[in-house]
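Listed below, chain by chain, are the residues.
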Amino acid sequence: MKKIIIFIFCLCSLSSCSSKPKLDTFIGHKIANVEIEKMNCTFSFSKIDSNDLDKITCENAYSLKENIKFNSLIKKTSRLYLSIGLFDLLKGVYLDSYELKYQFSSSVLEVFEIHLVNIINEVYSLNSKLDIYLFSLYCPYKNENNSFTSNLLLGVDNFNTSIKQIAKENNCSFIDIFFLSNHIQEYNQIDEVTSKELLEKIYG
């Protein structure tokens with residue numbers, strides 16, 4: 001009788017564990033001024049590049065705010081939304097005679113690709129059942145049809161081609177948010193209507 005009670009207790013414990021809701025988690029840099037309310041955003045930053053996010057994943061960073069380690073969060077996650085690359089792209093922005101200029105660097109893109117693949121591999125090693133969604137990049141500057149934004153848009157296109165290919169090769173979904181480039185009000189800011197359109201695109 002005692003063995004039966006223990007067996008039933010174990011079954012109940014397993015059932016309660018399996019019924020725990022899985023999280024939708026967002027990591028990386030924030031998308032413009034949009035609040036991603038339906039996701040856990042413990043490891044979401046206003047500015048972060050792929051190198052620093054790679055360190056966070058590999059070193060199992062701890063969030064004081066949410067009192068959780070990165071590894072623990074990923075293990076509790078069902079869908080992972082990954083936004084990274086914008087601040088790698090913007091390393092090519094510089095001032096020349098008080099004017100903004102952009103120079104695309106293939107070496108910067110190559111380093112970004114290495115870090116992105118590392119991040120994907122690390123989170124898969126923690127949770128092989130993850131559904132991973134990779135966001136495309138967009139131009140965070142208001143398009144004033146000048147050489148700066150034209151060159152930057154070409155850089156965005158190069159990064160997006162790479163992100164889309166990495167998504168395909170690593171069994172990730174690709175969420176194209178390039179359309180934000182046409183709705184920038186001021187640096188990295190979009191209006192409420194565009195924010196709603198973005199959220200609908202994310203949540204379906």
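The text that follows walks through the structure, step by step, so that each part is easy to find. (Residues numbered from 1 in each chain as written. Predicted model: local features only at pLDDT ≥ 70, side-chain atom pairs only at ≥ 80, totals over all residues. Heavy atoms only, no water.)

Thoughts on the overall build of the chain
- Looking only at helices and strands, one finds seven helices and eleven strands in the chain.
- Here the chain, with 204 residues, has 43% of them falling under the buried criterion.
- Taking the contacts inside the chain whose residues are at least 6 apart along the sequence as the reference set, 70% of them involve residues at least 24 apart.
- For the chain, the accessible area works out to roughly 11800 Å², and carbon and sulfur atoms hold 51% of it. (Helix = DSSP H or I, 4+ residues; strand = E, 2+ residues; numbered from the N terminus. Buried < 20%, exposed > 50% of the residue type's maximum accessible area, 1.4 Å probe, protein only. Contact = heavy atoms within 4.5 Å. Areas by Shrake-Rupley, 256 points an atom, 1.4 Å probe, with all protein chains shown as cover.)

Observations regarding the side chain of S195
- Structurally, S195 can be placed in helix α7 (residues 192-203).
- Judged by relative accessible area, which is 13%, S195 ranks as buried.
- In this view, S195 contacts V34 and I190; residues no more than four positions away in its chain are not counted.

Considering the pairing of strand β1 (residues 23-29)
- Burial of β1 is extensive: five of the seven residues sit out of reach of the surface.
- Here two bridges tie β1 to strand β2 (residues 44-45), and the two strands are oriented parallel to one another. Note that in β2 the partner of G28 across the bridge is S44. (Pairing = 2+ DSSP bridges.)

Digging into unusual backbone geometry
- Phi is positive for A32, which is not a glycine, with a value near 50°.
- For A32, the location among the structural elements is in the loop between β1 and β2.
- The backbone of N67 sits at a positive phi, close to 55°, despite the residue not being glycine.
- Mapped onto the elements, N67 comes out in the loop between β3 (62-63) and β4 (68-69).

With respect to helix α2 (residues 50-58)
- Within α2, the full set of buried residues consists of S50, L53, D54, I56 and T57. The buried residues of α2 occupy an angular sector of 160° when the element is viewed end-on, so they sit on one face.
- On its buried face, α2 is in contact with β1, β2, α3 (70-75), β5 (77-83), α4 (86-89) and α5 (106-126).
- Between a side-chain oxygen at the N-terminus of α2 and the backbone nitrogen of N51 the separation is 3.3 Å; the capping residue is D49. (Arc of directions from axis to C-beta. Polar contact = N/O pair within 3.5 Å; in protein donor to acceptor, adjacent residues only side chain to side chain.)

Details of α5
- Across its 21 residues, α5 extends 31 Å between first and last C-alpha, which sits within 8% of the 30 Å expected from 1.5 Å per residue.
- Those residues of α5 hidden inside the fold are in contact with α2, α3, β5, α4, β8 (131-135) and α6 (147-169). (Expected span 1.5 Å × (residues − 1).)

Concerning the side chain of D49
- If you trace the backbone, D49 turns up in the loop between β2 and α2.
- Taking the relative accessible area as the measure of exposure, D49 reaches 15% and is therefore buried.
- There is a polar contact of 3.3 Å between the side chain of D49 and the backbone nitrogen of N51.
- Among the polar contacts listed, one links the side chain of D49 to the side chain of K91, at a separation of 3.1 Å.
- Beyond its immediate chain neighbours, meaning those up to four positions away, D49 contacts I84, F87, D88 and K91.

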